[in-house]
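Observations on chain architecture
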Amino acid sequence: MANIKKISVCDLRIGMVVAKLDRDWLDTPFLMQGFKILDREEVRVVTQYCEHVWIDTDLSPASGHSSSEGSASSASSPVFEPECSVEEEHKRIQEEFNGSRNRTRDLHDNIRLGKDIDNDSVRRSVDECVNSVLRNPDALLWMSKIREESEYTAEHSLNVCILAVAFGRYLGYEKKDLEMLGLCGLLHDIGKMRVPLDILENPGKLTTKEMNMMKAHTVHGRNLLLSSPSIDPLVIDTAYSHHERIDGAGYPRKMAAEKISQFARIISIVDSYDAITADRCYSKARPSTTALKIIYEERGKQFDEELAIQFIKAIGLFPVGSVVELYTGDIGIVIETSLVRRHLPRVAIVLDENHEKKDKTKFVNLAFIEEGDLSKDFLIKKVLPDGEHGVFLREYQEQGILIVY
């Protein structure tokens with residue numbers, strides 16, 4: 001049994017393992033209790049939310065110094081400064097993003113009709129995505145939140161491309177690798193175009209036979225991509241392997257973990273995250289916090305453990321496009337994040353504490369809390385699903401309320 005000791009947050013040091021907080025973990029930016037303090041930023045965040053914590057003395061170094069363990073989950077990823085503001089990038093990429101959506105829909109329609117993959121069209125969409133993410137990932141991540149349930153498969157493919165590229169950027173990938181990762185994301189579900197629509201769009205529970213037909217999309221994807229010229233073997237492998245699991249219980253081949261490529265492992269995580277947070281014919285969208293909790297719980301089983309932890313850090317609990325409730329009672333939408341202060345994003349407040357629509361949208365940068373220029377009452381209390389309290393992301397985007405030019 002672990003030895004648990006209560007300490008003041010003032011005594012918290014890098015390397016300590018926090019086993020319990022003095023409040024519900026859902027009231028904080030930390031995904032789960034039982035996390036290791038990796039840097040001074042995490043110490044500051046705990047201090048903002050708690051007065052006392054309980055540490056696991058068996059796992060925490062007595063000196064409080066950082067552990068020298070080297071793993072992807074504890075290694076610091078390079079911090080990239082955006083080349084431009086989210087508003088500037090939003091203006092720049094809007095037309096290109098709509099074009100990529102249309103091309104992705106056309107790609108899927110053409111495959112259903114038996115036509116070949118248009119490689120030039122695919123690469124154009126990926127190139128535009130990579131270039132935009134390198135300038136400022138928040139603009140595309142925000143746009144990817146606006147979706148139609150009836151267009152799920154096409155929009156999901158493009159969103160997985162965007163998320164994968166953004167995650168790859170966080171991991172420090174070079175541009176050529178980001179382009180390859182984007183191709184893997186855009187084409188990972190191409191085999192679903194060979195699955196009958198009455199199964200693909202079935203809102204009810206699938207029979208065993210229907211589920212097997214659905215699972216066959218990985219084999220269809222491999223075969224489609226093999227028949228297309230100039231498709232890299234890594235893209236083919238990812239389409240074939242993105243439903244394999246680290247514990248060997250995946251499909252279609254029940255591969256051992258060591259045989260699953262890094263890109264397939266990344267797409268597996270990103271694919272699940274986007275699916276959980278989207279409205280589908282058989283389930284409503286769930287908050288990003290729920291998706292990240294599932295990924296955390298499935299680390300080392302369904303997902304690569306180190307990549308799962310890094311993805312959680314990359315996305316943060318309050319990703320762009322999240323509908324959030326503040327401790328003031330106000331309802332807002334996250335419009336920009338910070339890699340340094342992930343728990344203190346920039347928020348557009350659209351409803352007041354009585355959940356009435358404000359005459360004018362108020363923009364607040366929660367980073368000012370840390371500087372003492374904004375009350376801690378503006379901290380985020382929880383993430384809400386799109387549509388909660390009548391706040392629909394598409395409606396606000398179409399009105400142009402969330403982007404200040």
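This text gives an overview of the structure that appears in the document. (Residues numbered from 1 in each chain as written. Predicted model: local features only at pLDDT ≥ 70, side-chain atom pairs only at ≥ 80, totals over all residues. Heavy atoms only, no water.)

Considerations on the sheet that holds strand β3 (residues 35–36)
- On the basis of which strands lie adjacent, the open sheet formed by four strands has the order β1-β4-β2-β3 and antiparallel pairing. Strand pairing shows two members of the sheet lacking a second neighbour, β1 (4–8) and β3, which therefore form its edges.
- Here strand β2 (residues 17–21) pairs with β3 via two bridges, running antiparallel. Residue pairing in the sheet places V18 in a bridge with F35 of β3. (Pairing = 2+ DSSP bridges. Helix = DSSP H or I, 4+ residues; strand = E, 2+ residues; numbered from the N terminus.)

Brief notes about the packing of aromatic side chains
- A complete count under the given rule lists three aromatic pairs for this structure.
- Measuring from ring centre to ring centre gives 5.2 Å for F167 and F311, while their planes differ by 80°; the resulting arrangement is edge-to-face. Of this pair, F167 sits in helix α5 (residues 152–171) while F311 is found in helix α13 (residues 305–315), placing the two residues 144 residues apart along the sequence. No difference in accessibility class separates F167 from F311, as the two residues are buried.
- Between Y273 and F311, the aromatic rings sit 5.3 Å apart at their centres with planes inclined by 75°, giving edge-to-face as the arrangement. Of the two residues, Y273 sits in helix α11 (residues 262–276) while F311 sits in helix α13, which places them 38 residues apart along the sequence. Pair check on accessibility: Y273 and F311 agree, each one buried.
- An aromatic cluster of three or more residues is present, and its members are F167, Y273 and F311.
- R222 extends its terminal NZ or CZ atom over the ring of Y240, reaching a point 4.5 Å from the ring centre.
- Seen from the ring of Y296, R299 lies directly overhead, with NZ or CZ sitting 4.0 Å from the centre. (Phe/Tyr/Trp six-rings, centres within 6.5 Å; stacked < 30°, edge-to-face > 60°. Buried < 20%, exposed > 50% of the residue type's maximum accessible area, 1.4 Å probe, protein only. Lys NZ or Arg CZ within 6 Å of the ring centre and 35° of its normal.)

Describing the environment of L366
- On the secondary structure map, L366 appears in the loop between β8 (357–365) and α14 (367–370).
- Given a relative accessible area of 0%, L366 falls into the buried group.
- C-alpha of L366 to C-alpha of R265: the two residues are 101 residues apart in sequence and 34 Å apart in space.
- In this structure L366 touches L344, P345, V347, L374, F378 and I380, once residues within four positions along its chain are discounted. (Contact = heavy atoms within 4.5 Å.)

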